[in-house]
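Here's the letter readout for the chains.
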Amino acid sequence: MGFINKEASRSLPILALRGLNIFPGMMLNFDVERPASLSALNQAMSGNQEIFLVTQKDIAADIPTINDLYNIGMVCRIRQMVRQPGGKLCKVMVEGVYRGAIKEIIYDTPNFYGDIVRVPDKADKVDSAKAEALIRTALGYFDEYVRLSGNMAPEMLLNVVMSKDPAFVSNFIAQNVHLLYTEKQNILEELHPIRRLEKLVDLLNHELDVMSIEQELAEATNEQMSKNQREFYLREEMKIIQQELGEDDIGDEIGEFREKIRSMNLEKAVEEKLLKEVSHLAKQPFGSVEATVIRNYIETCLELPWGVKTEESLDIDAAKKMLDEDHFGLEKVKERIIEYLAVRKLSPAMKSSLICLVGPPGTGKTSIAMSIARATNRNLVRISLGGVHDEAEIRGHRKTYVGAMPGRIVNGLRQAKSSNPLMVLDEIDKLGSDYRGDPSAALLEALDPEQNATFRDNFLELPYDLSDVFFITTANTTETIPKALLDRMEVIELYSYTDEEKLHIAKNHLLPKQRKKHGLNGRQLKVSDDAIREIISLYTREAGVRSLERRLAAVCRKAAVIIGSGEKKSISLRAGTLNTYLGAPKFKPEQTRLNDEVGLVRGLAWTSVGGEVLDVEVAAVDGTGKLELTGNLGDVMKESCHAAVTYIRSRAEALGIDKEFYKNKDIHIHFPEAAVPKDGPSAGITICLAIISALTGRPVRHDVAMTGEISLRGRVLPIGGLKEKTMAAMRNGVKTVIIPADNETDLAEIDPRVYAALNFIIVDHMDKVVENALVRSDKDNKNEVLIPVAPKISGRELRQ
């Protein structure tokens, strides 16, 4: 390159361009983010703001070397540099000053820096006429290019059309047309303006051919789109003509929708709303998203059983028979259903009821609801609410949302295909709530007899009459049900089954069901009553019968293996032979204590699976007056312990206890089975009696159990769960149960067998508990004195 040595060189920072070129006298805007490029820019800005821009050969090279760069580039002046937030990106505008070539690289870190020599244009030996012809040709092609591209202003021609300089014309056109960077670099390296213009004309000619083909393809596409639009307009006109002729309801989807809506005998407001939606659907383009949403809405509305009802059976005797066939016990529920049928028979206009069945797991809440549906001839829908924490699950989503659907209640009506089904809302006490809303609040309208005649689902946006729906809800406890919701329901409690009730249920329902399920009959598998009682007492510990059914299923499976293998033709199970079929017993048999012990009292507790006998142990030892509480106790039970100690201090002299016991005795109160959390006030009198026994050294009767809350003045306050507690007492061999006087009316709810097996002592003060539960000492018997009885205290024993 002999021209390099004829010009003086300059040392400038060098910046590599990717896919870009710049020509003399032209402006170029570009972004810079590579560290080396940013370094070169900063170096130029700190100097005379001149920089050498050269295109790299491979645009994929992120960190180019000197061999990756073309030799000829452009010396430019930085007109503007704007740094973006973060400092990792700059927007730069430069102006090309003159063509240059790299003579020598001085250093390449952190950016290229080298000697740049000027490369001027060379004179052409061409007459002026040829030069002018080339300029005109290039300008004509450029004009055509601007017209076809459509993204360049026609005013751009004004900047070049008056020029007669072939170098300026070629530089301007080359800078403003979209060519490959390699083609532009070839034009830049051409030093003769006329030759440069000739190359540019060839490239423009090729580019115009390509653009003409692209325009033809675009016109063909537009023509096809215009044809589709024309067909759409014609179809719309055809619909209008059919409407004028009265033929719009024949043979098409829109007509079918309208015909079905008019034939359903809907309320006027509902019919008008649906017809309006059908008209809206008819105006939508075929296949549009809006049409899909409207069609889904209309189809959902038409699937609902508007005004469709099953004929309710009001035969009271038949209903009694069905309920007794399906379930043993549950008399309160059966009685309530019979009452409902009787009232409906006398007053058909009465609306359906709302019942909440509350009881421990496995007591038959869901299954009795299914039996009620069969007895009343209503279609059954079961909706599980356990874990539901989104309001939209109950009331649905707005139909405008993608994937919107009705809530569970409306979906249940679609499944039932009638407007008067029996709808079971299972596990209503396990509803949750979070930022998406409170589903229990959404249920208020649906379950309120005064409001549910106009229930509105968010998806339907139409009132739907739920007043004929028989709602039955189930729960294990009412504590977690919101008060406003609980107030709308009639609560019927289902208590734990006694062992005798479980025996009847197993014999008459569970065992026949499992025999049939496992392909056995009564001759092949016989289970005695004693064997069933043994399964109940040694292999299950529950309020309901689910575990009992699983144990019977296990017996049937073992029997099926033995009979299926031909080992035996029939099996008869009796007590004492269950180890082969069920393994070792899971629970120890209930043992009755034979001795009266000091500081050990039997209390009665209620749990979610029924009643339990809960022993309370107290030890009084010499110390400094500490009160130690162990056994995983809750705050309420701890407070009962402190209340009991305070009562004893107030009655120490009458009880024969050292008045200073709270200073010189350490009292340790312990509840066995420490892994099980315990809480509640009903162990108050049990704790108090155990402390009195430990401090006086007098034993407590082993055949007595008790329950009741204690106050600071010794009053015995009422408790809950008496039925379950008395069942537990009977199972554990207890003969006498002490209960608060305020719970005397609850004895009517106790199972007759339990009532007959136990003696109940009614007390209203702690002194009477001491009198009836502590064993009299010889001194007491001799003097016939126990404890001074406070006035207005009553205690009596109900003996059978």
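No experiment lies behind these values; they were computed from the predicted model shown.

Quick look at the overall build of the protein now. Of regular secondary structure, the protein possesses 27 helices and 25 strands. Computed over C-alpha atoms, the radius of gyration of the protein comes to 48 Å, more than 25% over the 28 Å expected from 2.2 N^0.38 for 800 residues, which places it beyond the range of a compact globule. A burial count over the protein gives 47% of its 800 residues as buried. Across the protein, the fraction of contacts at a sequence separation of at least 24, relative to all contacts at a separation of at least 6, is 73%. With 105 positive and 117 negative side-chain charges, the protein shows a separation of 5 Å between the mean positions of the two kinds.

With that settled, consider the confidence of the model for the protein. A residue-level look at the protein finds 92% of positions with pLDDT of 70 or above and a mean pLDDT of 81. Low confidence marks residues 781-800, where pLDDT is under 50. Its contacts with residues over four positions away, or in another chain, come to 46 contacts.

Quick look at a nonpolar patch on the surface now. Taken together, the side chains of Leu158, Val161 and Met162 define a hydrophobic patch exposed on the protein surface, amounting to about 340 Å² of accessible area. Along the chain, the position of Met162 falls in the loop between α2 (128-149) and α3 (166-176).

The next subject is the pattern of salt bridges. On inspection of all chains with the given rule, the structure shows 26 salt bridges. Notably, a salt bridge pairs Asp468 with Lys309, separated by 2.5 Å at the nearest N-O pair. Pair noted here: Asp468 is in the loop between β11 (463-464) and β12 (470-475) and Lys309 is in the loop between α8 (289-303) and α9 (316-326), with a separation of 159 residues, a long-range link. One salt-bridge network, held together by shared partners, links Arg10, Glu50 and Arg77.

What follows covers unusual backbone geometry. Residue Thr109 is joined to Pro110 through a cis peptide bond whose omega torsion reads 0°. When you line up the elements, Pro110 lands in the loop between β5 (90-107) and β6 (112-118). Here Gln49, not a glycine, exhibits a phi torsion of approximately 65°, which is positive. Positive phi is not limited to glycine here, since Glu427 has a value of about 55°.

Read from one edge to the other, the open sheet built from 5 strands follows the order β8-β9-β12-β7-β13, with strand pairing classed as parallel. Pairing within the sheet leaves two strands with one partner each, and these edge strands are β8 (380-384) and β13 (490-493). When strand polarity is set aside, the average angle formed by the axes of neighbouring strands in this sheet is 20°. Where strand β7 (residues 354-358) lies against β12, 5 bridges are found, and the strand directions are parallel. Note on β12: the bridge partner recorded for Val358 is Ala475.

To continue, consider the pairing of strand β2 (residues 27-32). In β2, alternate side chains face the same way, and those of Leu28, Phe30 and Val32 are buried while those of Met27, Asn29 and Asp31 on the opposite face are not. Sheet topology note: the β2/β5 ladder contains 6 bridges and is antiparallel. Residue pairing across strands places Asn29 opposite Met93, the latter belonging to β5.

This next bit is on the packing of helix α23 (residues 684-696) against helix α26 (residues 766-773). Where α23 meets α26, the closest approach of the two axes is 10 Å, and the angle between their N-to-C directions is 60°. In terms of their interaxial angle, α23 and α26 are classed as oblique. The handedness of the crossing between α23 and α26 comes out as right-handed. Between α23 and α26, the residues in contact are Ile685, Cys688, Leu689 and Ile692 and Met766, Val769, Val770 and Ala773, respectively. Each residue belonging to the contact of α23 with α26 can be placed in one class, and the counts come to 8 nonpolar, no polar and no charged.

It helps to recall that an α-helix has 3.6 residues per turn; residues three or four apart then point in one direction. Along helix α16 (residues 499-517), the largest kink reaches about 50° and is centred on Ala506. Buried within α16 are the following residues: Glu501, Lys502, Leu503, Ile505, Ala506, His509, Leu510, Leu511, Gln514 and Arg515. Residues of α16 that are buried in the fold lie against α9, β14 (525-527), α17 (529-538), α18 (546-564) and α25 (752-757). Looking one or two places after α16, you find Gly519, whose phi comes out positive at around 75°.

Here the focus is the packing of aromatic side chains. In this structure the tally under the stated criterion is 7 aromatic pairs. On the basis of an interplanar angle of 10° and a centroid distance of 5.1 Å, the ring pair of Tyr107 and Tyr113 is categorised as stacked. Judged by its relative accessible area of 31%, Tyr107 falls in the partly exposed class. Judged by centre distance (5.8 Å) and plane angle (55°), the ring pair of Tyr297 and Phe459 falls under tilted. Taken together, the residues span a long stretch of sequence, with Tyr297 in helix α8 and Phe459 in the loop between β10 (455-456) and β11 at a distance of 162 residues. Cluster of aromatic residues (ring-pair linked, three or more members): Phe142, Phe168 and Phe172. Between the NZ or CZ atom of Arg118 and the centre of the ring of Tyr98, over which it lies, the distance is 4.6 Å. Sitting over the ring of Tyr662, Arg649 keeps its end group 3.6 Å from the ring centre.

What follows covers the packing of helix α7 (residues 268-282) against α8. The interhelical angle for the contact between α7 and α8, taken along N-to-C directions, is 150°, at an axis separation of 9 Å. Here α7 is positioned roughly antiparallel relative to α8, judged by the angle of their axes. Between α7 and α8 lies a crossing of left-handed hand. On the side of α7, the interface is formed by Lys273, Leu274, Glu277, Val278, His280 and Leu281, while α8 contributes Glu290, Ala291, Ile294, Arg295, Tyr297, Ile298, Cys301 and Leu302.

Right, let's talk about helix α4 (residues 181-189) for a bit. When we look at burial in α4, the residues that qualify are Tyr181, Lys184, Gln185, Ile187 and Leu188. With its buried residues spanning 160° around the axis, α4 presents them on a single face.

Our focus in this paragraph is the side chain of Lys502. Along the chain, Lys502 turns up in helix α16. Assessed through its relative accessible area of 5%, Lys502 is described here as buried. When near neighbours in sequence (up to four residues on either side) are disregarded, Lys502 contacts Tyr497, Ile536, Glu542, Ala543, Gly544, Val545 and Leu548.

What counts, and where the lines are drawn
Residues numbered from 1 in each chain as written. Predicted model: local features only at pLDDT ≥ 70, side-chain atom pairs only at ≥ 80, totals over all residues. Heavy atoms only, no water. Helix = DSSP H or I, 4+ residues; strand = E, 2+ residues; numbered from the N terminus. Rg over C-alpha atoms; globule rule 2.2 N^0.38 Å. Buried < 20%, exposed > 50% of the residue type's maximum accessible area, 1.4 Å probe, protein only. Contact = heavy atoms within 4.5 Å. Lys, Arg positive; Asp, Glu negative; His and termini not counted. Charge placed at Lys NZ, Arg CZ, Asp CG, Glu CD. pLDDT = per-residue confidence, 0-100. Patch = residues over 30% accessible without salt bridge, like charges linked within 9 Å, V, L, I, M, F, W, Y side chains within 5 Å. Areas by Shrake-Rupley, 256 points an atom, 1.4 Å probe, with all protein chains shown as cover. Salt bridge = Lys/Arg side-chain N within 4 Å of Asp/Glu carboxyl O. Pairing = 2+ DSSP bridges. Axes fitted to C-alpha atoms, helices over the stretch in contact; angles between N-to-C directions. Parallel < 35°, antiparallel > 145°, perpendicular 65-115°, else oblique. Left-handed = near helix turned anticlockwise from the far one by under 90°. Nonpolar A, V, L, I, M, F, W, Y, C, P; charged D, E, K, R; others polar. Bend = angle between axes of the 7 residues up to and from the residue. Phe/Tyr/Trp six-rings, centres within 6.5 Å; stacked < 30°, edge-to-face > 60°. Lys NZ or Arg CZ within 6 Å of the ring centre and 35° of its normal. Arc of directions from axis to C-beta.

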